[in-house]
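# Summary of structural features
The chain contents come next:
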Amino acid sequence: MTITFRCPPELADTLPRPIPAVEGLPEWFKAMPQRAFSELLNSEQLTVKKCPPFIDAMTCGYLIPLASDLRVENGEFSWDREVPAGSLFAAPHSPIDFHDNSQVTGSPFFEEDRVLIKFNGFWTIELPEGYSLLVTHPLNREDLPFRTLTGLVDADRYRDNFLNFPARWRDPDFNGVLPAGTPVAQCVPVLRKEWPARFETIQADDAERMNALRYELAGERDVYRRRFRASKR
């Protein structure tokens, strides 16, 4: 199963490439401790650095990088980016664009005096037949001064145009530079399939297994990691 990224040939040597999310863990995650003392519980507790579901979410799929340095000063965005001429019609040059706030009227994203930014994409993305691409904010990345909106793209069919990434700038006090390569979206292939629901009660063998597992979880650490966590790569 292969995900194919394509960019204009004139950008092939300079454009930051999407990377496997496992290679893009932020420095704060690498630096955080595995255990921390809880004054409330008066004992040492495992941090999310030891939580497999938390880590697996952050490391699934691919991260889409910001195309160039983006300077933000008092709410104004600027960049310095030279783009060679190419053969593609109306290909964007700037790393960002915007969506008028009228496009989110009635939603929680609407603010009277603010537009949504849009990170321009310079890669097309192709998936195998039957797969869609879940595009969302880089998972568990509350350190970023924006929040990318979530969408689902049928990238096995819609594969001949760039994908762009609308986002709400959520830190009006941010001043500084977002460097090229900053992750602006996380993309995860998902199988396009209907999932009928079934509802049951927990009893008999199900209840016995649940009680045994809960007893084990109460007495040991790393049960999920050792017994249930599937290899992701």
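The structure presented is a predicted model; accordingly, all values stated were derived computationally and were not measured.

Conventions we followed
Residues numbered from 1 in each chain as written. Predicted model: local features only at pLDDT ≥ 70, side-chain atom pairs only at ≥ 80, totals over all residues. Heavy atoms only, no water. Helix = DSSP H or I, 4+ residues; strand = E, 2+ residues; numbered from the N terminus. Buried < 20%, exposed > 50% of the residue type's maximum accessible area, 1.4 Å probe, protein only. Lys, Arg positive; Asp, Glu negative; His and termini not counted. Salt bridge = Lys/Arg side-chain N within 4 Å of Asp/Glu carboxyl O. Polar contact = N/O pair within 3.5 Å; in protein donor to acceptor, adjacent residues only side chain to side chain. Contact = heavy atoms within 4.5 Å. Pairing = 2+ DSSP bridges. Phe/Tyr/Trp six-rings, centres within 6.5 Å; stacked < 30°, edge-to-face > 60°. Lys NZ or Arg CZ within 6 Å of the ring centre and 35° of its normal. Expected span 1.5 Å × (residues − 1). Core = buried A, V, L, I, M, F, W, Y, C linked by side-chain atoms within 4.5 Å.

## Side note on the side chain of Lys49
- Along the chain, Lys49 turns up in the loop between β4 (43–46) and α2 (52–58).
- The buried charged residue Lys49 lacks any salt bridge partner; its closest oppositely charged side chain belongs to Glu27, at an N-O distance of 9.4 Å.
- At 3.3 Å, the side chain of Lys49 forms a polar contact with the backbone oxygen of Phe29.
- Once you skip the residues sitting within four places of it in the chain, Lys49 turns out to touch Phe29, Lys30, Ala31, Met32, Pro33, Gln34 and Ile55.

## Points about the pairing of strand β14 (residues 165–169)
- Only one face of β14 is covered, namely the face carrying Phe165, Ala167 and Trp169; the face carrying Pro166 and Arg168 is uncovered.
- The sheet contact formed by strand β9 (residues 116–119) and β14 spans three bridges and is antiparallel. Across the sheet, the residue bridging to Ile117 is Ala167, located in β14.
- Bridging between strand β12 (residues 146–148) and β14 involves three bridges; their strand directions are antiparallel. Residue Arg147 lies in a different strand from β14, and its bridge partner there is Arg168.

## Side note on the packing of aromatic side chains
- For the structure on display, the rule yields ten aromatic pairs.
- For the pair Phe5 and Tyr62, a centre-to-centre distance of 5.3 Å together with 55 degrees between the ring planes defines the contact as tilted. Of this pair, Phe5 sits in strand β1 (residues 4–6) while Tyr62 sits in strand β5 (residues 62–65); the two residues are 57 residues apart in sequence, bridging distant segments of the chain.
- By relative accessible area, which is 25% here, Tyr62 ends up partly exposed.
- Among the aromatic residues, those joined into a ring-pair cluster are Phe77, Phe119, Phe146, Trp169 and Phe174.
- Positioned over the ring face of Trp195 is Lys193, at 4.9 Å from the centre of the ring.

## Overview of helix α3 (residues 205–219)
- In a regular helix each residue adds 1.5 Å, so 15 residues correspond to 21 Å; α3 covers 21 Å between its end C-alpha atoms and thus fits that length.
- Counting buried positions along α3 yields one of 15 residues, so the element is predominantly exposed.

## A look at the nonpolar core
- Membership of the largest hydrophobic core comes to 31 residues, with the highest contact counts inside it found for Ile64, Phe119, Ile125, Leu133, Phe146, Phe165 and Val184.
- Of all elements in the fold, only β6 (70–73), β9, β11 (131–136), β14 and β16 (183–191) reach the threshold of two or more residues within this core.
- Leu25, Phe29, Phe54 and Ile55 belong to the second-largest nonpolar core, a separate cluster that totals five residues.

## Here's the deal with the pattern of salt bridges
- Under the criterion given, the structure shown has 15 salt bridges.
- For Arg229, the salt bridge identified is with Asp56, shortest N-O distance 2.6 Å. Of the two residues, Arg229 sits in the segment after α4 (223–228) while Asp56 sits in helix α2, which places them 173 residues apart along the sequence.
- By relative accessible area, which is 11% here, Asp56 ends up buried.
- Here Arg141 ties to Asp143 by a salt bridge, and the two come within 2.8 Å at their closest N and O atoms.
- Given a relative accessible area of 42%, Asp143 falls into the partly exposed group.

On their own, these measurements won't tell you what the molecule is for.
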